[in-house]
Amino acid sequence: MDVGSHHPGGLLSLLRQGLTIGVQFGTQSLEALLWVAQSIEEGIYADGSLRRTPDGIAFELDNPILRVGAFSDLSLRVNGTQVPGDRVRLRSGEGTEWRLGSSIRRDAPWELRPGDRSEFEVQGSFGHDTDPITVRIELRTPAIPPVVWFEFTEKPVQEGAAR
Amino acid sequence: MSSPSPPKSPVLLTSLSSAALLDGAGDLSLPREMRGTTVDWGGVMGQCVRLTGPWRVSLRSGERETTLPETLVSAERIRGGWRSHHRWGGYDLVQTIAAVGEVPGVVRSLDFARTEGTSADLTVVSSFAPFLLPVLVEGLRPCSFQLQTEADDLRIRQRGFGLAVTSNVAPSELLLNRASWIGGKYRGRVDELAIEYPLDVPVARTVAWRSLIYGGLERDIEPATALARGVVGEPSAAIGAVAGADEHWLAAAPVLRFPDAPALEGAYRSACAALRRLYSSPGDGLVGLVAGYPWYSAIWGRDLAWMLWAVLWVGDFEWASRSIDSVLRFQSRSRVPILGGEPGELAMQVSPGPIFFYGTSDTTLYYPLLIDGLLRHSGGPAPGPDRLRALRDMIAWGEGRTDPATGLLRNGGEAEEISTATASLARVRAGINSPDTTIWDSTDRRDHAVDIQVLWYRSLRAAASLVGTSPDHESDRWCALADRTAEAIRSRYRWDEEGYLYDSIRGGAPVGQLRPNALRAVSAGLLDPAFTKTVVRRAARDDLTTSWGLRTLSSSDPKYDPVAYHDGEVWTIATAWAADAALVAGEADLGWRYLSTIADRYDREAGWANECYRGDRDAPFDSCFLLGFSVAPFLTVLFERLWGLYVDARLPLLRVSPRFPASWRSASIDRLRFGHGVVALDWTPARLRVTWEGPGDLAVDVGAGPVAVASGTPCDLPWPTS
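Quantities reported herein were computed from a predicted structural model and do not represent experimental measurements.

Concerning the overall build of chain A
Per the secondary structure count, chain A includes two helices and eleven strands. Put simply, chain A runs from its N terminus to its C terminus through helices and strands in the order α-α-β-β-β-β-β-β-β-β-β-β-β. Referenced to the eigenvectors of the C-alpha coordinate spread, the extents of chain A come out at roughly 50 × 40 × 25 Å. Classification of the 163 residues of chain A by burial places 36% in the buried group. Taking contacts inside chain A between residues at least 6 apart in sequence as the whole, the part at least 24 apart equals 65%.

Here is the structure:
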């Protein structure tokens, strides 16, 4: 998986901070913090699931985006451009019904619990072939209003190609 | 067999390192509304790690099969655990569930008896989905795990988190994702794991199946293996040890009697018992209290601070001191933006690993107060060099966030800083756009929330008192800054149109939102007596006060939403603030009504007190069923405001100025720990009887100046006439 560009300054800063944590609190702490970071990093986006479809792109999530809840708003951006809700459809997995992103409302929320999978299909033209694509999803629940977001960048595979 | 209705209240079983969550219907299943959806929080927690999802047991005999809840006849709490009685197909079953502390886990046993018929083969099927992630990551269940069978035990690992299953009966079959698994090693997706145990149950003999699920940190499992086998072989000692420690703790707590308010007396006992359930020593040398159940079961610095006030009043000075040390251990000494840490800052959350994060605007400010409080309650020893250095670093952290011109401390932007720090580092990114991290951390209260300023003022005062005089006159500087902050609260936050205080100041302009947080200024004694009463009475109006407690935001505010966590929901801690402020203002009946609102909870919620309720009706919403915030401030108000106690065991001095309702005729406290002694108080409208058992004399001031009370001799002090 293409992990996108890592800024050298950022990596050096990370290294310094990692060393600081290790020196002050011990390497066990550093290791344990990495367990959490990796669990989040690898627990949400279904690795390698981004693919091109005849109408656009599709991808899968293995978990809610950090938070569970009944979400009343969904916003999706591809390569920085907002995709209208009627061009996004999603479902909980094979055998469940698709619904449009625009159908998600306070009185018709999208409910997510720990471990709930989601499949997304997005209509549109997003770059070419295996150009990396950045997808950002934003969700909001009335119970805790601050937006929860998730973003990944990956080279898509062509529909039907093996992951 | 039809199943009786499950109890409405959750069953929570805890040891210092583990927890079992269940609904009382027969399995470890606990469906709870959370953020508007239903999540099953049943299962096992160990070392602040959610080990499993719901842990279910089913039974199979021949062609017949049943789940355990379908066979339930009755259930009851027992010493150290929970017991249910079941009947099915000629079997009588007794199930016992308990959280044990020797190993961080939960033991579950089923005793089968067959009173008639012939000996029969029975299969117990135990199933669960592994989680293996700290509870702080509420929304995720990892998909990929490593499994390994070892003798008759099973171990599951997800990165450095792990669990083990050990039983007294060898399994006959393992099912992985509903397919037979021969055992050995497996790495991949695990949605469900089932273990089958064969039993031969002869007539007139009891046969036991027992299983223990334990873990948390994978590295701690191996050293606990022998102990775990001992526990599953004979769990009664481990269960008894947890119960014994609880009983010892409760027996040492003060006894409060309110003959004119038996419900309040009962609520005090329930609150003490609930507070004890939050005690935690989950590993890695950490000591404290977890914030709540089900989904805040880690040590949160802010929540712990609110709880430690109550821990001091119930006399557990040692636990308070060790808890403070646990938090100070993770004081940041340098800038760590990826964790949100600044020099001197204390952690928002700590759990075994150790795993910790910073990034709140208030956690650090509580601890100078707590160090001072510990000293006043216990009488000493005075803080050593390490605590004093930590204290100076806390204040320096606060000074770094303070506008020198106004004396106001800045809150907000903490989560944004973490997000910026990690922007280019991860292969995927996730975050929550919280602009602010005050106690109401899901709403925007930038830049200078009023309660943060009150806390800063109190923190500076406590720190100055602790360091005393020093060559560089730091305490003078802190006192001067405290005075400037206090003056700013009085002058810049006064909202005359509402008879209240503004919620914050942003960009130099006051934020006209009506929240309960302003009441903290009343409790700190920062307002003049007339305005104090005005503020308290304004808070009592029905846009902020409901019959079930205080809203986090006035219902007349355009931003009000009855289901918004911090913009409309009713919080028990806010109700405790209102009681506190009303009693300070001399509004005894109003304070009493607020306290009654909380007290009623314990009865209706089977000993628990929910975190929050909808703003438009008396129904929990997005609420932990037990939160330290809902328990501890209630306890503290009983001691500090209703009884009006102020302690300073260094002097030693006890001040007593009760604010009981006018109709009360008597009240008493026994076993109140004070320094190295204990004091008993017996109140009537005419006098206070003080019985002191401790070294030397105790100075007691009931409003007419200190009077020396000798140890061992009850002393009657008349109330001064005004």
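Looking at the interface of chain A and chain B
Where interface size is quoted, it is often the accessible area lost as the parts come together. Counting residues at the interface gives 52 residues for chain A, matched by 43 residues for chain B. Counting residues per element, the ones that place at least two in the side of chain A that touches chain B are helix H1 (8-25), helix H2 (27-43), strand S3 (69-71), strand S8 (110-112) and strand S11 (144-154) of chain A. The biggest single contributor to the side of chain A that touches chain B is H2 of chain A, with twelve residues. Residues of the side of chain A that touches chain B, tallied by class, amount to 29 nonpolar, 16 polar and seven charged.

Thoughts on unusual backbone geometry
Residue and element names in this part refer to chain B. Following Tyr 293, the chain continues into Pro 294 via a peptide bond in cis, with omega recorded as 5°. Of the consecutive residues Leu 651 and Pro 652, the connecting peptide bond is found in the cis state with omega at -10°. Note that Pro 652 resides in the loop between strand S40 (645-648) and strand S41 (653-656). In this model, Arg 35 sits at a positive phi of 55°, which is unusual for a non-glycine residue. Summarising the element assignment, Arg 35 is placed in the loop between strand S3 (31-34) and strand S4 (37-40). What makes Arg 35 buried here is the crowd of 26 C-beta atoms within 10 Å. Its identity is not glycine, yet Asn 177 carries a phi of approximately 50°, on the positive side. As for its placement among the helices and strands, Asn 177 is situated in the loop between strand S18 (173-176) and strand S19 (179-181). You can call Asn 177 partly exposed: it has 13 C-beta atoms within 10 Å.

Regarding the sheet that holds strand S1 (residues 51-53) of chain A
Residue and element names in this part refer to chain A. Strands sit in the order S1-S2-S9-S6-S7 across an open sheet of five strands; the sheet is antiparallel. Strands at the two margins of the open sheet, each flanked by one partner only, are S1 and strand S7 (99-100). As paired strands, strand S2 (residues 56-61) and strand S9 (residues 118-123) are joined by six bridges and run antiparallel to one another. When the bridges of S9 are listed, Leu 61 appears paired with Ser 118.

Observations regarding the sheet that holds strand S22 (residues 207-217) of chain B
Residue and element names in this part refer to chain B. In spatial order, the strands read S9-S10-S11-S12-S22-S17-S16-S15-S20; together these nine strands make up an open sheet with antiparallel pairing. The two strands at the open ends of the sheet, each matched to only one other strand, are strand S9 (72-78) and strand S20 (185-189). Strand after strand, the sheet turns through a mean of 15° between neighbouring axes, direction not considered. Here five bridges tie strand S15 (residues 144-150) to S20, and the two strands are oriented antiparallel to one another. Bridge pairing links Ser 144 to Arg 189 in S20. Relative to S22, helix H1 (residues 221-233) is tilted by about 160°, and along the sheet it contacts strand S11 (91-100), strand S12 (105-114), strand S16 (153-158), strand S17 (161-167) and S22.

Observations regarding the domain arrangement of chain B
The assigned domain composition of chain B is domain 1 (11-244) and domain 2 (648-718). For domain 1 of chain B versus domain 2 of chain B, the distance between C-alpha centres works out to 50 Å.

Structural notes on the domain arrangement of chain A
Assigned domains of chain A: these are domain 1 (8-43) and domain 2 (51-154). The distance between the C-alpha centroids of domain 1 of chain A and domain 2 of chain A comes to 29 Å.

Remarks on the environment of Trp 719 of chain B
Residue and element names in this part refer to chain B. Note that Trp 719 resides in the segment after strand S47 (715-718). In sequence terms Trp 719 and Ala 243 are 476 residues apart; their C-alpha atoms lie 42 Å from each other. Not counting residues up to four positions away in its chain, the partners in contact with Trp 719 are Ala 686, Arg 687, Val 702 and Gly 703.

What counts as what
- Residues numbered from 1 in each chain as written.
- Chains lettered and ligands numbered in written order.
- Predicted model: local features only at pLDDT ≥ 70, side-chain atom pairs only at ≥ 80, totals over all residues.
- Helix = DSSP H or I, 4+ residues; strand = E, 2+ residues; numbered from the N terminus.
- Buried ≥ 20, exposed ≤ 12 C-beta atoms within 10 Å, placed from the backbone.
- Contact = placed C-beta atoms within 7 Å.
- Nonpolar A, V, L, I, M, F, W, Y, C, P; charged D, E, K, R; others polar.
- Pairing = 2+ DSSP bridges.
- Axes fitted to C-alpha atoms, helices over the stretch in contact; angles between N-to-C directions.
- Domains from an automatic or database assignment.

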